[in-house]
Every structure is written in structure tokens, then in C-alpha cells.
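# Residue-level structure breakdown
Each chain, written out:
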Amino acid sequence: MGPIKKIQYNCRKATLLIEKKLISGLSISEKVELHIHLAGCLVCRVFENQSGIINKMVRQMFTDVDVSNVRLDDDFKQDLQHRIEDELNKS
Amino acid sequence: MSNQILVPHTINPHKWVDNYADYLYAYALSRINDEEQARDLVQEVFLAALEKADHFEGRSSERTWLTAILKNKIIDIYRKRSPGLNNKTSKTDDKTYDDFFYEDGHWREEHWPKELGVEDQDPLHNKELNRVLQQCMQKLPALWLAVFTMKHMEEESSENICKQLKVTSANFWVIIHRAKLNLRACLQKNWI
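Source: prediction; values computed, not measured.

This part takes up the overall build of chain B. Each helix and strand counted, chain B has nine helices and zero strands in total. When its helices and strands are written in sequence order, chain B yields α-α-α-α-α-α-α-α-α. The 192 residues of chain B split such that 30% are buried. Contacts spanning at least 24 positions in sequence make up 69% of the contacts within chain B whose residues lie at least 6 apart.

What follows is the structure, given as C-alpha cells:
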């Protein structure tokens, strides 16, 4: 199998290149390989689109820390502040 | 407002719990998904911060400083949770390459990625989709989740992740790749 045929038919390799592209970028030859593959592979194009969306969702999920639903209970907080005050008085 | 640039930030431990406890808790919980451990972490962060208070130089805000301490503690937890490369991961529902692809690299038909139908409808703000994604992340083996989380949530450099979690560069890519294959498949399975 020639090099072009090889990448054309290798979705495992193509999906790895998609991940590399999203994280660190590709070398020129890798870019060409991926381009050739995606031109003929609808399934991997779906994967690429969704993979990018997943990364964005994850990033967003953790940059906007949502405190509206998550709260420590008041007793725990009170104890914690006492503990901090004790430590402060020690020094 | 220009004096804000010149005046160094100060710290006031008497207000820490009021000002930051809920935030730090939410931050920790979103990354380790264990309420008790997250609570312990908040306490540890404040106590560690008191010890380091003398070294606070006021270059960043109090919150940024406390969050940085928390982040390091979370990475410690990831490291402890990760069994390392040679050990088998504890969870069994993760899929290997062979489950997704034939030997020649073709997708197995049953694992073909399919459109979710929400790609063009502002998926980032789709609460339900976010919820399913979070559940799917918790199904990943600990080491994969650690690598994935450090890369995408903390935007750590890949070199640093490999160093901290003792993963080779080649294995880093295998983990990133397999984590995404599993995550995407899980999303599709639970969404369509």
C-alpha cells in the first residue's frame, strides 16, 4: 500500500492526528496526511467536529467555576474560620 | 483606578472563609468529584496559605494566590490516584483501540461517530449535554482523567503533565487519543 492509500484508509491514525492538531499542532506532512484523509472520510470529519466541541465544553466547564449550586455548609465554614483564627493567634 | 496597579494586593485571613471557601470548594469539586476530599482540600489550602502568608508578595490577587495553592494540591491528588503506566487501570468499561478500529485502522461500523444533532445549536451552552459529558468523564480511568483534566482544564504544558504523572510522551498521546475516543463514544451513546 502506498503512503497516500495508507492514510486514506487509516481512521485510527487520522483521529490521533486530529487530537494532536487540537493540542499542539501538526507538522506540514501530518497536515497533508490529515487533509487527504478527511477529504474522503465523512466519519472522521464528524469525529473532528465533535472532538473540538468536547474540548471547548471541558475548558468552559472549568474556567467558569459555578458556585451557584455548590456550597459548603455553614457549620463547616464556621469551624474552618475558627481554626484559622486559632492559627493566627498562635503566631 | 490607576493606583490599583501600584498598590500590592494584601491578604486578610479573617475574611477568607466568607470570601473564598465556596469558590475554592466548587473549583475543587469540579476537578476531583469527591465532596469529602474537596472539603478537606479547602481546609488544607487555608492552612497552607497561613504558613506561606509571609511569602505573599501581592503580585496576584488573594483569590488567584489561594487558587494556585489549591491547583497544586489537586495535581498531587491526581498523581496519587494514578497508578502509573505499568499498572492496569482499575475501571473495566474503558475501551481499547481494538474495540473502535479494525486491525487495518478502519472504524468498526458500530463505533462510527454519528452526528449528535446539536453541533450547530450552541452546544457549549447546552446544560444537558454538559451534564452527560461530565458523567462520561467520571467513567474514564484515573490516569486518563488526570491527563485529560490537566491538559484541558488547567492548560498545563504536555511536558509538565508527563513529568508530574510519570507518563512518556508517546503514552501521553495514546492516553489523550483513547480518552477522547471513549469520551466521544460515551457522549453519543447517552445522547442519541
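Next comes the rest of the description.
The next point concerns the UniProt feature "domain: RNA polymerase sigma factor 70 region 4 type" (unreviewed entry) in chain B. The UniProt record marks residues 132–182 of chain B with the feature "domain: RNA polymerase sigma factor 70 region 4 type" (unreviewed entry), using the residue numbering of this structure. The annotated region residues 132–182 of chain B carries 78% helix and 0% strand content, and the separation between its end C-alpha atoms amounts to 13 Å.

Residue and element names in this part refer to chain B. Per the domain assignment, the segments making up chain B are domain 1 (13–81) and domain 2 (85–190). Taken over C-alpha atoms, the centre of domain 1 sits 27 Å from the centre of domain 2. Each side of the interface is counted separately: domain 1 has seven residues, and domain 2 has nine residues. If one sorts the elements of the side of domain 1 that touches domain 2 by residue count, helix H4 (residues 62–81) sits on top with five residues. Taken together, the residues of the side of domain 1 that touches domain 2 sort by class into two nonpolar, one polar and four charged.

Two residues of an α-helix separated by three or four positions point the same way, owing to the 3.6 residues in each turn. Buried within helix H2 (residues 16–32) of chain B are the following residues: Trp16, Val17, Tyr20, Ala21, Leu24, Tyr25, Ala26, Tyr27, Ala28, Leu29 and Arg31 of chain B. Buried residues along H2 of chain B sit in contact with helix H4 (42–63) and helix H5 (74–90) of chain A together with helix H3 (35–52), H4 and helix H7 (142–152) of chain B. Backbone geometry just downstream of H2 of chain B places Asn33 of chain B in the positive-phi region, at approximately 55 degrees.

On to the UniProt feature "domain: RNA polymerase sigma-70 region" (unreviewed entry) in chain B, then. Mapped onto the present numbering, the UniProt feature "domain: RNA polymerase sigma-70 region" (unreviewed entry) falls at residues 17–82 of chain B. Each end of residues 17–82 of chain B is marked by a C-alpha atom, and these two atoms are 31 Å apart; helix forms 82% of the span and strand 0%.

Our focus in this paragraph is H7 of chain B. Counted residue by residue, H7 of chain B has ten buried out of eleven residues, so it is predominantly covered. Within the span of H7 of chain B, buried status applies to Leu143, Trp144, Leu145, Ala146, Val147, Phe148, Thr149, Met150, Lys151 and His152 of chain B.

With that out of the way, let us pick up unusual backbone geometry. Residues and elements named next belong to chain B. Not every positive phi belongs to a glycine, and Asp122 is a case in point at roughly 55 degrees. Backbone geometry at Lys166 places phi at a positive 55 degrees, although glycine is not the residue there. By secondary structure assignment, the location of Lys166 is in the loop between helix H8 (158–165) and helix H9 (169–191). Note on Lys166: 13 C-beta atoms within 10 Å, which makes it partly exposed.

The next point concerns the interface of chain B and chain A. Contacts between the two partners involve 44 residues from chain B, matched on the other side by 40 residues from chain A. Of all elements in the fold, only H2, H3, helix H6 (127–138), H7 and H9 of chain B reach the threshold of two or more residues within the side of chain B that touches chain A. Of the residues forming the side of chain B that touches chain A, the biggest block, eleven residues, is contributed by H2 of chain B. Classifying every residue of the side of chain B that touches chain A gives 26 nonpolar, eight polar and ten charged.

The biggest cluster of nonpolar side chains holds 48 residues, and the ones touching the most others in it are Leu24, Ala28, Val42 and Val147 of chain B. For this core, the secondary-structure elements that each account for two or more residues are H4 of chain A together with H2, H3, H4, H6, H7, H8 and H9 of chain B. No other element matches the ten residues that H2 of chain B contributes to this core. Mapping this core onto the domain boundaries places at least three of its residues in each of domain 1 (13–81) and domain 2 (85–190) of chain B. When neighbours within four sequence positions are excluded, Val147 of chain B is seen to be in contact with Ile161, Leu165, Val167, Phe172, Ile175, Ile176 and Ala179 of chain B. Counting nine residues, the second largest nonpolar core, distinct from the first, contains Leu17, Leu34, Cys41 and Phe47 of chain A.

The rules behind these values
- Each residue is numbered by its place in its chain's sequence as written, counting from 1.
- Here the convention is simple: chains get letters from A, ligands get numbers from 1, in the order in which they are written.
- Residue-level local features of this predicted model are given only where pLDDT is at least 70; pairs of side-chain atoms are given and counted only at 80 or more, and the full residue set underlies all totals for whole chains, interfaces and linings.
- Strands here are runs of E lasting at least two residues and helices are runs of H or I lasting at least four, both read from the DSSP assignment and numbered beginning at the N terminus.
- Any residue with 12 or fewer other C-beta atoms within 10 Å of its own C-beta is exposed, any with 20 or more is buried, and the rest are partly exposed; the C-beta atoms used are placed from the backbone.
- Contact between two residues is assigned whenever their backbone-derived C-beta positions fall within 7 Å.
- UniProt positions are given in the numbering used here, feature names are shortened, and annotations may be inferred rather than shown by experiment.
- Domain start and stop positions are those given by an automatic or database domain assignment.
- Each residue is assigned to one of three groups, with Ala, Val, Leu, Ile, Met, Phe, Trp, Tyr, Cys and Pro labelled nonpolar, Asp, Glu, Lys and Arg labelled charged, and all others, Gly among them, labelled polar.
- In this usage, the nonpolar core is the set of buried Ala, Val, Leu, Ile, Met, Phe, Trp, Tyr and Cys residues whose C-beta atoms join them within 7 Å.

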